[in-house]
Amino acid sequence: MRLLRLRVEQLRRFREPVEIRDLEPGINLFAGPNESGKSTLVRAIRAAFFERFKSSGAGDLQPWGDTSAAPSVELEFEWQGVHWKLSKRFLRQKRCDLEIGTRRFNGDEAEEKLAELLGYQFPGKGPSKAQHWGVPGLLWIEQGEGQALSDSVAHAGPYLKSALGESLGDLASSAGDALIARVEAERAKLLTASTGRPTGEYAEILRQHEDAVARLTTLDRDIAAYRQQVDRLAELRRLRGEDEGRPWETYRRQAAEAQTKLTEVQGWRQARAHEAQDLEHCVASQQHGRDQQAAYARQHQELEQRVRERDATGLRITELQADRPRIDAQVEQAQAVYRTAEARLTTARRQARRAVLAADLRRLTAEQARLAADLEQARTLQAHVQALRARLQPIRLDETVLKQLRSMDRTLAELDATRQSAATRLAYDLLPQRHIQVGDEALSGRGERLLLEPVALDVPGIGRLHIQPGGEDLAELARRRQETRDRFDALLSGLGAADLRQAEDQAEQARTLRQEIDLHESRLSGLAPQGVDAVSNRLALLEQEVQTRSEALEALPRDAVGTNAGTGTETSTEPLDEVGAERESASARERLQAAERQAAGHAQALGLAEQAGRAAEAEWQRLRDALQAPERQRQEQALIVRLAALQARETAVRQSLDALDARIAEARPEILEQDVQRFARTAARMEQAAKERHEETIRVQSGLEALGAHGLEEQRADLAREAEFMARRRAELQRRAEALDLLLGLLRAGRQALTRRIQAPLQRHLNHYLGLLFPQARLDVDEDLLPERLIRPGAGGSSGEAVETLSFGAREQMGLISRLAYADLLREAGRPTLIILDDALVHSDHARLDGMKRILFDAAQRHQVLLFTCHPDRWRDLGARVVEMETLGAA
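Note that the structure is a prediction, hence the values are computed from the model and not measured. (Residues numbered from 1 in each chain as written. Predicted model: local features only at pLDDT ≥ 70, side-chain atom pairs only at ≥ 80, totals over all residues. Heavy atoms only, no water.)

Caption draft 1: A look at the overall build of the protein chain. On a plain count of helices and strands, the protein chain comes out with 18 helices and 20 strands. Taken over the C-alpha trace, the protein chain has a radius of gyration of 72 Å; the compact-globule value for 891 residues is 29 Å, which it surpasses by more than 25%. Principal-axis analysis of the C-alpha atoms gives the protein chain an extent of 200 × 165 × 50 Å. With 891 residues in all, the protein chain has 36% of them scored as buried. Relative to all contacts within the protein chain whose residues are 6 or more apart in sequence, the contacts with residues 24 or more apart total 70%. Carbon and sulfur atoms form 49% of the exposed surface of the protein chain, whose accessible area is close to 51800 Å². Charge centroids of the protein chain, computed over 130 positive and 141 negative side chains, lie 3 Å from each other. (Helix = DSSP H or I, 4+ residues; strand = E, 2+ residues; numbered from the N terminus. Rg over C-alpha atoms; globule rule 2.2 N^0.38 Å. Buried < 20%, exposed > 50% of the residue type's maximum accessible area, 1.4 Å probe, protein only. Contact = heavy atoms within 4.5 Å. Areas by Shrake-Rupley, 256 points an atom, 1.4 Å probe, with all protein chains shown as cover. Lys, Arg positive; Asp, Glu negative; His and termini not counted. Charge placed at Lys NZ, Arg CZ, Asp CG, Glu CD.)

Here it is as structure tokens:
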């Protein structure tokens with residue numbers, strides 16, 4: 001299908017007729033800014049095909065504010081060599097005319113012809129919507145809807161399958177759809193559509209059969225229970241006959257006999273506990289006696305130790321007392337050496353002090369002389385600076401005024417030069433003895449004068465000439481010069497100078513004086529940074545320090561080796577070394593301290609030894625008196641007798657315990673306890689079992705009487721016949737459901753095979769276009785012919801991604817590729833195609849857009865493409881005809 005001509009009138013933006021002719025069979029590019037009429041043309045094409053001419057819902061086609069307008073659209077296109085022409089007018093004088101070659105159609109018939117050709121439908125009433133647009137709704141992309149594909153494919157699906165499946169048999173036709181729908185309906189009576197579970201009559205018969213089987217099972221269980229209870233009643237009656245002899249009384253008597261024997265054994269155990277307690281007390285008493293014997297023995301050993309300590313302490317005291325004179329002599333010798341060293345250190349320090357004072361005196365005397373010289377020089381410089389300042393003070397100098405004077409001097413020179421250039425030149429060459437009078441000046445001979453002002457020229461014997469030189473400009477120059485000269489003279493007067501030269505000389509003299517002042521002040525600052533008074537004060541302080549050092553030096557006593565206080569020179573060549581004297585004094589002090597520590601340690605050791613001797617003597621005396629006391633001798637003898645009696649008692653108690661242990665072990669009390677428990681539990685359980693059997697006999701007998709009255713066997717026979725009928729009906733419905741399920745599966749499998757036959761060429765076209773954008777990529781489609789997954793090769797192998805998870809721009813690109821593939825399928829099936837793109841691919845980057853341009857150019861070899869854009873620079877390289885919307889609107 002090729003659109004040849006489009007004409008719109010009174011339609012939205014275009015109030016006046018606008019016609020576009022000679023559209024290309026490939027790509028036609030409509031370019032213009034926003035609101036230039038691109039969307040109006042797209043809406044006009046859609047209205048021409050989708051809107052019924054009689055519809056009152058096309059009010060949006062009228063120009064804004066013009067309710068009397070009658071929007072009209074004319075289209076001419078060519079299909080299979082036949083010329084088609086469509087004319088439609090809406091809202092006013094409504095009509096629809098269609099020419100197909102030489103045939104003519106009008107009204108509804110014309111609209112149905114168009115819908116049948118392109119594959120869409122009209123709404124029953126109201127405006128046309130997306131669900132009615134069919135194939136054009138799939139191929140004509142609205143602004144911002146390029147990525148939305150599923151709804152368009154769903155709306156165009158019946159037309160696609162109808163167009164593509166005409167030669168694929170009845171199963172791909174509407175009759176095949178009806179057959180599948182009928183089978184699905186019959187199957188739905190028996191099985192659910194989603195899960196295949198039984199439903200309806202089939203589910204009810206299954207439930208009834210299961211209920212009958214359950215009740216039959218219950219009856220069989222009741223009959224079996226009845227028979228078991230009959231057998232149980234006979235067994236209970238037999239056991240009741242055995243219970244009449246009360247066999248449990250025998251076990252109770254055996255339990256009582258075992259308890260009596262166990263009570264006797266427990267008496268033996270109590271006697272053994274008393275004997276064991278007596279044994280424990282006897283053993284503890286013996287241990288206490290042995291501990292006391294050990295304490296007596298330790299006291300005797302301690303007495304012997306005290307004798308040895310007393311003797312050793314006496315020997316130590318004798319040795320320390322013998323060493324006392326030697327220790328005292330060492331202390332006296334160390335004290336003498338220390339006193340000598342201290343005297344030498346005092347003398348050395350006095351000599352060092354004298355040397356320091358002499359050195360300070362020399363240093364201070366030299367500094368005093370230097371400061372006196374600096375003070376004299378500073379005072380001289382200070383007087384010189386004051387004299388220079390006095391010379392500088394009467395000189396009046398202002399650099400700003402001096403700059404103004406220089407500027408005015410240049411201005412005066414310029415004005416004089418200008419006046420001279422503009423002045424009247426009077427050149428004269430007079431005869432000898434002749435002259436002329438110019439103002440007050442008489443001119444004779446030959447010469448030249450510049451006339452800067454009006455002048456009267458007297459020529460003797462002739463008369464007077466009045467000369468006005470330079471006109472008004474020269475007068476203005478004279479006034480300006482005079483004003484500048486007045487200001488110049490005023491500034492010179494302020495400086496006290498006769499001319500600029502004198503002012504410059506004064507300025508140079510002032511600069512020279514300032515430089516000399518700065519130089520002298522710099523030297524003065526070096527000599528007296530804080531001022532001459534500070535130097536004078538410092539000199540006075542130095543004089544006081546010299547006086548103080550001299551007095552201190554005179555006050556030092558004279559030594560055999562010393563320093564002359566007046567001259568500061570040494571009187572001997574062998575003065576004492578202060579550092580050596582200090583080391584000698586420190587060494588003597590350490591020896592004295594060591595001797596004193598030794599003496600103190602000796603005195604302390606002697607005192608401690610004497611104290612220890614007295615303590616050892618006292619402790620020996622105390623222990624000897626305690627051990628030799630008569631009471632102590634009696635206690636030791638009594639302890640020996642008591643220990644012998646306790647040993648005899650321990651032997652007797654152990655023999656008694658052995659006899660009791662033998663009797664208890666022979667009686668085996670743990671077995672007796674088990675016999676008591678075993679016989680008592682046996683008797684109780686036998687009696688309880690007899691009671692329970694009596695109650696069970698009554699209960700079973702009553703139950704048998706109740707079951708016998710219900711006629712269980714007759715009930716089971718009736719229920720078995722009912723269950724058999726339901727089983728036959730269930731099998732019948734099951735066979736029907738399985739047959740319908742099998743038939744539907746076969747029909748669907750056939751439809752899926754046909755769908756795959758349709759998908760194959762679609763997949764081929766998709767891969768063709770996709771290869772231009774993503775080499776070696778594949779775009780899989782589902783059974784509804786919708787793109788499902790984009791599979792692209794990568795470093796780790798191929799990877800797939802669902803189309804709906806791609807970015808907006810990628811989904812827009814996949815949507816356009818899919819639409820072009822659908823168009824190729826329709827073209828192969830002999831159906832008309834027209835591609836309309838309204839601002840498509842606006843979300844594509846430059847690289848992707850280049851690929852999509854290749855795809856569009858390739859598709860344009862088979863389809864006509866109308867591309868509307870507000871970014872013409874992005875599409876210039878398509879090689880397509882460009883319709884400028886602004887030019888179109890102006891035309």
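That was the structure; now back to the text.
Caption draft 2: A look at the pattern of salt bridges. Enumeration over the complete set of coordinates arrives at 57 salt bridges. With a closest N to O distance of 2.3 Å, Glu 204 and Arg 207 form a salt bridge. Linking Glu 204 with Arg 207, this pair stays in helix 6 (residues 200–243), spanning three residues, or about one helical turn. Across the pair Asp 458 and Arg 464 runs a salt bridge whose closest N-O atoms are separated by 2.6 Å. A single salt-bridge network, built from bridges that share partners, covers Arg 52, Lys 54, Lys 88, Asp 108, Glu 111 and Glu 112. (Salt bridge = Lys/Arg side-chain N within 4 Å of Asp/Glu carboxyl O.)

Caption draft 3: Looking closely at the sheet that holds strand 4 (residues 72–79). Read from one edge of the open sheet, six strands run 2-1-4-5-6-7, paired in antiparallel fashion. Each edge of the sheet is formed by a strand with only one pairing partner; in this case those strands are strand 2 (18–20) and strand 7 (103–106). Between one strand axis and the next, the sheet turns by 10° as a mean value, whatever way the strands run. In the sheet, strand 5 (residues 82–89) pairs with strand 6 (residues 95–100) via six bridges, with the strands oriented antiparallel. (Pairing = 2+ DSSP bridges. Axes fitted to C-alpha atoms, helices over the stretch in contact; angles between N-to-C directions.)

Caption draft 4: Expanded view of the sheet that holds strand 3 (residues 27–31). In space, the five strands of this open sheet follow the order 8-18-19-3-20, with parallel pairing throughout. In this open sheet, the two strands that pair with only one neighbour each are strand 8 (140–141) and strand 20 (881–884). Where strand 3 lies against strand 20, four bridges are found, and the strand directions are parallel. Bridge pairing in strand 20 places Phe 30 opposite Val 883.

Caption draft 5: Looking closely at the packing of aromatic side chains. Scanning the entire structure with this criterion turns up eight aromatic pairs. A centroid spacing of 5.2 Å and a plane angle of 75° characterise the contact between Phe 50 and Tyr 120, whose relative ring orientation is edge-to-face. Separated by 70 residues along the polypeptide, Phe 50 in helix 1 (residues 38–50) and Tyr 120 in the loop between helix 2 (107–118) and helix 3 (134–139) bring together distant segments of the chain. The exposure classification of Phe 50 matches that of Tyr 120, with both residues buried. Aromatic pair Phe 77 and Trp 84: ring centres 5.5 Å apart, planes at 25°, arrangement stacked. Among the aromatic residues, ring-to-ring pairing joins Phe 49, Phe 50, Phe 77, Trp 84, Tyr 120, Phe 122, Trp 133 and Trp 140 into one connected group. Seen from the ring of Trp 268, Arg 663 lies directly overhead, with NZ or CZ sitting 4.2 Å from the centre. In this structure, Arg 792 is placed above the aromatic ring of Phe 774, and the distance from its NZ or CZ to the ring centre is 5.0 Å. (Phe/Tyr/Trp six-rings, centres within 6.5 Å; stacked < 30°, edge-to-face > 60°. Lys NZ or Arg CZ within 6 Å of the ring centre and 35° of its normal.)

Caption draft 6: Focus on the packing of helix 16 (residues 808–828) against helix 17 (residues 846–859). For the pair helix 16 and helix 17, interaxial distance at closest approach is 11 Å and the crossing angle is 10°. Here helix 16 lies roughly parallel to helix 17, going by the angle between them. From helix 16, Ala 810, Gln 813, Leu 816, Ile 817 and Leu 820 reach across to helix 17, where they touch Arg 848, Met 852, Ile 855, Leu 856 and Ala 859. Taken together, the residues of the contact of helix 16 with helix 17 sort by class into eight nonpolar, one polar and one charged. (Parallel < 35°, antiparallel > 145°, perpendicular 65-115°, else oblique. Nonpolar A, V, L, I, M, F, W, Y, C, P; charged D, E, K, R; others polar.)

Caption draft 7: Structural context of the side chain of Glu 51. Mapping Glu 51 onto the fold places it in the loop between helix 1 and strand 4. Residue classification places Glu 51 among the buried residues on the basis of a relative accessible area of 6%. Beyond its immediate chain neighbours, meaning those up to four positions away, Glu 51 contacts Arg 43, Arg 46, Lys 88, Phe 90, Glu 111, Phe 122, Pro 127 and Ser 128.

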